[in-house]
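# Chains, contacts and geometry: an overview
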Amino acid sequence: MQFAPTAVLAVLCAALGLAWVVEPSIAPDGWCGRLAVLIGGLLVGLLAIRIVTVQVSKQAQAARRYIDSLCELEPHALHDDESSNAIPLRKEDHVWRELCQRVRRRLAEFASRAEDLEMTRAAGEVRVRRIVADRDRLREILAGLVDPVIAVDQFGEIVLANASAERLLDVKTSGDEHPALEQLKHCEQLVSLLGETRRRRAATQRSAEVALADDDGKPHWYRVTCRTLADDDEQPAGGDRPAGHGAVAVLTDITGQKVIQKRNAEFVSSVSHEMKTPLSSIRAYVELLVDGEAEDEATREEFLGVINSQADRLQRLIDNMLNLARIEAGVVTVNKSALSLNELLGEAVDVMQPAAEEKKVTLAAEFSPLYLGVLADRDMLLQAAINLLSNAVKYTKPGGSVTLRSRLSDQEVIFEVEDTGVGLSSEDCQRVFERFYRVKKDSEMASGTGLGLALVKHIVEDVHGGRIEVASEPGRGSTFRVNLPGLAQLNA
Amino acid sequence: MSKRILLCDDELHILRAAEFKFKRAGYEVDCAGDGQDGWEHIQRQRPDIVVTDCQMPRLSGLGLAERIRQTPATADLPIIMLSAKGFELSLDQLRAQYGIRCLMAKPFSPRELFARVEAVLAGQEAVKCELADARS
């Protein structure tokens, strides 16, 4: 039964009953009759209302069941008309069907949006986790860098400094502490470089070499590479924004390179000096000969002799340099053969005799009467012996003497060069074999490259497995002793 | 009267070559193996000109020049310097501080050295100098 006609009938009955009560003329006679009609009307009205109420309540329950069923559906089934239509809905409840379908569609919409949101959130979470991991890794790499790294933002505040930078520049940037760049002490050059780079409008990179003192106050040279940093997106792009970017500076310690550069420059300078000295003599004597200044044969002989010995000297210098370079680069070829040490030393004495005589230094040889066999590279060992002798002659004053000895000791053969020269302090004795090392007072006294003894040590120790040592006393002379592993010893 | 020249060099051959050249030209030549030796020669007998190497034991060429300038008796003694090394000082400084009249780079030509010595002794102020070469 429909709600509207039932209600109309009930109201009509009630109105008729009321009319009869008010206007008895249109009603049947007698109170009883009228009362019966009135009560009848009221009852019919009440009945109609009751019927309507029950009907409405049933429909509401059906709708609730339907919505309950919808709620139990999986979100994806909400989109599916078929599965939602499978929910039982009685034919009489068709009034609600439309409404329920709309609710379902809205629910489906919300469900789909919720699903999208969830996916976005999950993707976001993954990204955040990855970014955090990346950041932690970068932070760890940065912290572990030996090279100091320091960055400032566009306001000139230090936003990042790794451990090396904090130590070197004495600055702290942990947490929210962002000290101003200008607070960095004793590194004006770095401050101005970072400041200038930061203020540049266009992206730029500049580098410079600056000297900074380390923890112990020792000066170090750094190559600073300074680069602008891209703008921070979070900053408002308004008019109050300062012009410029942030900047990052990476400092590379180049102290070692500087030392090598300086040494190389000194080396080239001393080598060229060493080469110019014999060359000067050669040139001077050649000119004298060409100009016909030497009139007698003896003088000409003398001049040619000088030219010859100076050419030899030049040759030895070049050999020393090349051999040391080859040995240090590991590209040397060693040709070892069994040979007589005494013979080889005799040759070295012959080579050095003219130079010793010229300087009025007595060069004596005291060789063992035994055959001292060694397995050696002839040219190299000869060069080592010549270097030792030439060194001894160089540092011995005229009138002094240089003695070359050889002897056998257990399984080793020994040769030593003793001079009556200027001698060495104990510190010099320890360092005299270092490449380029030159005894202080001698750098004034005698010229040299600081290569000769370094080469001797290489030849004796690295190439021949022997050892070299020096005993000396300042003012009393020096003795350089070389021990080499011996071959089978036979009577000479 | 023949001129007297003092040659200072620790390299005996160079000393001998220069000595030979100047002796043949009629000079009286004193030879010294280092600055100290040279200074002793000067004190014994004042030469007319000094030719000295720069790097020498005991007393360097610059040290010798300084002594010569600081001693009134020798303050005007002309000095020519030979060197195989470059100088940190400019020629102007060498002139002002040490009174070096001329700087010659090694290797040098005895002929050229002789010509310059003659020029300096003849009182020619503008003697050509080879500072640029000596710096190499």
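All of the points below concern the structure found in this document. Bear in mind that the values here come from a model prediction, so they are computed numbers and not experimental data.

The next thing to look at is the overall build of chain A. A tally of regular secondary structure across chain A gives 14 helices and 12 strands. When each of the 492 residues of chain A is scored for burial, the buried share is 25%.

Counting 44 residues, the largest nonpolar core has Ile5(B), Leu7(B), Ala18(B), Val51(B), Ile80(B) and Met104(B) as the members making the most contacts within it. Of all the elements, helix α1 (residues 12-24) of chain B adds the most residues to this core, at six residues. Aside from chain neighbours lying at most four places away, what touches Val51(B) is Ile5(B), Leu7(B), Ala18(B), Ile80(B), Leu82(B), Leu113(B) and Val117(B). Ala384(A), Leu388(A), Val432(A) and Ile468(A) belong to the second-largest nonpolar core, a separate cluster that totals 42 residues.

A separate point is the interface of chain B and chain A. With 19 residues of chain B in contact, the opposing surface of chain A contributes 21 residues. Elements with a minimum of two residues in the side of chain B that touches chain A: α1 and α5 (110-121) of chain B. Sort the elements by how many residues they give to the side of chain B that touches chain A and α1(B) lands first, with seven residues. Of the residues assigned to the side of chain B that touches chain A, the class counts are nine nonpolar, four polar and six charged.

Right, let's talk about the sheet that holds strand β2 (residues 158-161) of chain A for a bit. Residues and elements named next belong to chain A. Strand order in this open sheet of five strands is β2-β1-β5-β4-β3, and the pairing throughout is antiparallel. Each end of this open sheet is capped by a strand with a single partner; those strands are β2 and β3 (205-213). Ignoring strand direction, the axes of neighbouring strands in this sheet form an average angle of 20°. Relative to strand β4 (residues 219-229), β3 runs antiparallel, the two being bridged by nine bridges. Residue glutamine 205 lies in a different strand from β4, and its bridge partner there is arginine 227.

This next bit is on the sheet that holds strand β9 (residues 401-409) of chain A. Remark on secondary structure: sheet strands pair via backbone hydrogen bonds, oriented parallel or antiparallel. All names here are of chain A. The sheet built from five strands is open, its strands ordered β7-β9-β10-β12-β11 with mixed pairing. On the outer flanks of this sheet lie β7 (362-366) and β11 (467-473), each paired with one strand and no other. Recorded for the sheet is a direction-independent mean angle of 15° between the axes of neighbouring strands. With seven bridges connecting them, β11 and strand β12 (residues 477-485) associate as antiparallel partners. The partner of serine 472 across the bridge, within β12, is serine 478.

Cut-offs and rules
- Residues numbered from 1 in each chain as written.
- Chains lettered and ligands numbered in written order.
- Predicted model: local features only at pLDDT ≥ 70, side-chain atom pairs only at ≥ 80, totals over all residues.
- Helix = DSSP H or I, 4+ residues; strand = E, 2+ residues; numbered from the N terminus.
- Buried ≥ 20, exposed ≤ 12 C-beta atoms within 10 Å, placed from the backbone.
- Core = buried A, V, L, I, M, F, W, Y, C linked by C-beta atoms within 7 Å.
- Contact = placed C-beta atoms within 7 Å.
- Nonpolar A, V, L, I, M, F, W, Y, C, P; charged D, E, K, R; others polar.
- Pairing = 2+ DSSP bridges.
- Axes fitted to C-alpha atoms, helices over the stretch in contact; angles between N-to-C directions.

Purely geometric stuff here, so don't read any function into it on its own.
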